[in-house]
Amino acid sequence: MRLTVFPLLMALVVDVQLLSLSDMYGSLQSPNFPEPYPRETELRWNVSVPKGFQIKLYFSHFDLEPSYLCEYDFVKVEAEGEVLALFCGKEETDSEVVPAQQVITSPRNSLSVLFSSDFSNEERYSGFMAHYSAVDVDECSDRTDEDLLCDHFCHNYIGGYYCSCRYGYLLHTDNRTCRVECSDSVFRERSGVLGSVDFPAPYPKSSDCSYRIEVEPGFKLRLEFDPTFDVEDHPDVSCPYDYVKITAGSSELGPFCGDRSPGVIETDSNVVTVFFHSDNSGENVGWRVTYTATGSQCPLPEIPPNALINPVQSEYSFKDHILFTCESGYRLLKDGEELDHYQVDCQSDGSWSSSPPHCQMVDCGSPKVVEMADVVFGNHDNSTLFGSTVHYICRGDTFHLNTSNSSYSCHQNGEWINSEAGPKLPSCLPACGRPSRSLPTQVKRIVGGRTAEPGLFPWHVLLSVEDLSRVPEDRWFGSGALLSESWVLTAAHVMRSQRRDTSVVPVAPEHVKVFLGLHDARDKRLATSHSVEEIFLHPDFQPNNYNNDIALLRLRQRVEFNEIIRPVCVPPPHIKDDPSTPVPNSLGVVAGWGISNPNASSSSDPPSLTSDLGVTSDLLQYVKLPVVSQDECRASYTSRSVSYNITDNMFCAGFFEGGRDTCLGD
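What counts and how
Residues numbered from 1 in each chain as written. Predicted model: local features only at pLDDT ≥ 70, side-chain atom pairs only at ≥ 80, totals over all residues. Heavy atoms only, no water. Core = buried A, V, L, I, M, F, W, Y, C linked by side-chain atoms within 4.5 Å. Buried < 20%, exposed > 50% of the residue type's maximum accessible area, 1.4 Å probe, protein only. Helix = DSSP H or I, 4+ residues; strand = E, 2+ residues; numbered from the N terminus. UniProt positions renumbered as here; feature names shortened; annotations may be inferred. Contact = heavy atoms within 4.5 Å. Polar contact = N/O pair within 3.5 Å; in protein donor to acceptor, adjacent residues only side chain to side chain. Phe/Tyr/Trp six-rings, centres within 6.5 Å; stacked < 30°, edge-to-face > 60°. Lys NZ or Arg CZ within 6 Å of the ring centre and 35° of its normal. Pairing = 2+ DSSP bridges. Axes fitted to C-alpha atoms, helices over the stretch in contact; angles between N-to-C directions.

Peer 1: I tried to follow the nonpolar core on my own but got confused; where do I start?
Peer 2: Side chains of a nonpolar character, in soluble globular proteins, are inclined to be buried together. If you look at the biggest cluster of nonpolar residues, it comprises 37 residues, and the most contacted ones within it are Phe-457, Leu-482, Met-495, Val-512, Val-514, Ile-535 and Leu-553. Elements represented by at least two residues in this core include exactly strand E38 (460-467), strand E39 (474-482), helix H1 (492-495), strand E41 (512-516), strand E42 (528-537) and strand E43 (551-555).

Below you can see the structure in the form of structure tokens.
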């Protein structure tokens, strides 16, 4: 039972006992616990743990004297000058609070517990038992303190936290905000866009950015800010936090901040610096500016006739240029010099760097001379300008062009061009198989035949062989046909070295002389003599039956064609369905210095190939002979020789009477 106590004039002072606790965990209890606590006692526990931790406090036992609003005995929990809890009594009432299962958490790393008892404890209350422990603070989750917030990334660890930044950002010296290095940018193009980092996302904090725009002298820079402009400001002070400043030459513009765009800024300078500063707070989206460089305008250029310009524009300003070229078939001339193209530039004073060039029609000049050919112009005035044409025509019927298209046009590159051969000139080649005079209508056989006139068979050659490899030396001759400037066709048996065995070996090339343009075999001084470089016998030549009896001679020097020395025509390649031999009864001409004695015709086995010029014709002979069918040919030779067979590589020509066919030397 509590007695009514009247106030005394005497004031009672109770000293407060202080206890300090700094362990990571511990307990505290009322004095004498679990015995009743003493009267008129004040005891304070100051609990502290390391920074980065909080303190959790709870009561496992609580039994104090109850009183209205805890006027008498109580436990008070405080931190940083604030009361976290006030407990008294034994049970929860409208005017009394007991801790029960409540856990009290300090805002930081310290708290204070005060126990106070008045002058009575008649019912002997047992007091209290409390426990505390240090718990880690998750600063990254606790966003209540703006000074502790990380700008980008927050990383918690036991007892503390640290901040980091996104790629491209640097951690400020405050270890909290993220800044950027943005003072090395120089813009040299004549137009571009720049702005705050990450625009239109919030720009970095604690950064100083300097953007330099530098174009060629003669240009003036024009800046145009986006309507979206958001830089942290202050209602009463001009741009104390974040701002944009512009320096153009000696002029300084700004600072700019807030949400009002600076709009368009015209400068008289070709160098402008945009400076942007941000402090360590704020979430503003920033700014963006588009810049362009303008220069003096030049007048539209005068375009000469047949000229082309690039680029074609409605207007041209300082540093623009024009490239002059000419239409196809014209050449560009400037101050007497021929050029592929010519460039003029628009200068800072609004004038062009040079006057335009002019275009002159291409002149290919006189066509080049082709030996043995005449040039015929395609127009009456013999024009050699672009588009003109000329034709090459060989002189006489003894020469022909090596191309079917003899027309050349004056090309845009200044050359005469053929649609097939390009700039390569044609040539007049001697016509093959064309004698310099016509054959008479009546021609006898060679044996007792007719003497040829000079030039009647200009491809016919005499082959003189002196085989010095034999003892005694052997000499003979034969005929051949000139195929080209370097090649002669003859029979393989004429070029075979006469051996006692059956080997097929050509005579040495140095033992053979070739006489061209020869008519009278007695006087070879009037003929053209050539040496032989190589001899090629047919690899399948069979001396016993003259199968594949063919050989080629390559001359050491090229032959010069004239009226009495010309090549024979080579037949086209054999086509599958064409007959392999000439048509029977068709006539052919055979020429040579054949044996003049009729008894020397081949009526038995092939005669000896050695001969004496005394039994041959001195003058070139020729005769027309009819082609005999293969069957008759084979039958004729089978009846005369068992060792000589007619193969598919041969055909016969002559008369059935005998003694009228070709002979040695033909």
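Peer 1: How should I be thinking about unusual backbone geometry in this particular structure?
Peer 2: Outside of glycine, negative phi angles account for most residues, and trans bonds account for most peptide bonds. Cis rather than trans, the peptide bond between Phe-33 and Pro-34 has omega equal to 10°. In this chain, Asn-310 is followed by Pro-311 through a cis amide linkage whose omega measures 0°. Mapped onto the elements of the fold, Pro-311 is located in the loop between strand E24 (307-310) and strand E25 (316-317). Here the phi dihedral of Glu-40 falls at roughly 45°; this positive angle occurs in a residue that is not glycine. Tracing the sequence through the fold places Glu-40 in the loop between strand E2 (25-29) and strand E3 (41-48). Of note, the phi angle at Tyr-546 is positive, near 60°, even though the residue is not glycine. Its location among the elements puts Tyr-546 in the loop between E42 and E43.

Peer 1: Can you help me understand the UniProt feature "binding site: Ca(2+) 2" (unreviewed entry) in the protein chain in this one?
Peer 2: Look at the UniProt record and you will see "binding site: Ca(2+) 2" (unreviewed entry) annotated at Asp-136, Val-137, Glu-139, Asn-156, Tyr-157 and Gly-160. Across 25 residues of sequence, these annotated residues stay compact in space, with a maximum C-alpha separation of 9.4 Å. You can see Asp-136 is positioned in strand E9 (residues 127-136). By relative accessible area, Asp-136 is classed as partly exposed at 29%. Discounting chain neighbours no more than four positions away, the residues touching Asp-136 are Gly-52, Phe-53, Asn-156, Tyr-157, Ile-158, Gly-159 and Gly-160. Among the polar contacts listed, one links the side chain of Asp-136 to the side chain of Asn-156, at a separation of 3.1 Å. Relative to the elements of secondary structure, Glu-139 occurs in the loop between E9 and strand E10 (153-157).

Peer 1: Which parts of the structure should I look at to understand the packing of aromatic side chains?
Peer 2: Both the distance between ring centres and the angle between the ring planes are used here to describe each pair of aromatic rings. In the structure shown here, the tally under the stated rule is 21 aromatic pairs. What links up through ring pairs into an aromatic cluster is the set Tyr-37, Trp-45, Phe-59, Phe-62, Phe-87, Phe-115 and Phe-128. We note Lys-524 situated over the ring of Phe-515; from NZ or CZ to the ring centre the distance is 5.8 Å.

Peer 1: Help me understand the sheet that holds strand E18 (residues 243-248), please; the structure alone is not making it clear to me.
Peer 2: Sheet strands pair by backbone hydrogen bonding; their relative direction is either parallel or antiparallel. Strand order across the open sheet formed by 5 strands is E14-E16-E21-E18-E19, with mixed pairing between neighbours. The sheet is open, and its two borders are formed by strand E14 (182-187) and strand E19 (251-256), each paired with just one other strand. The average undirected angle you get between the axes of adjacent strands in this sheet is 15°. Where E18 lies against E19, 4 bridges are found, and the strand directions are antiparallel.

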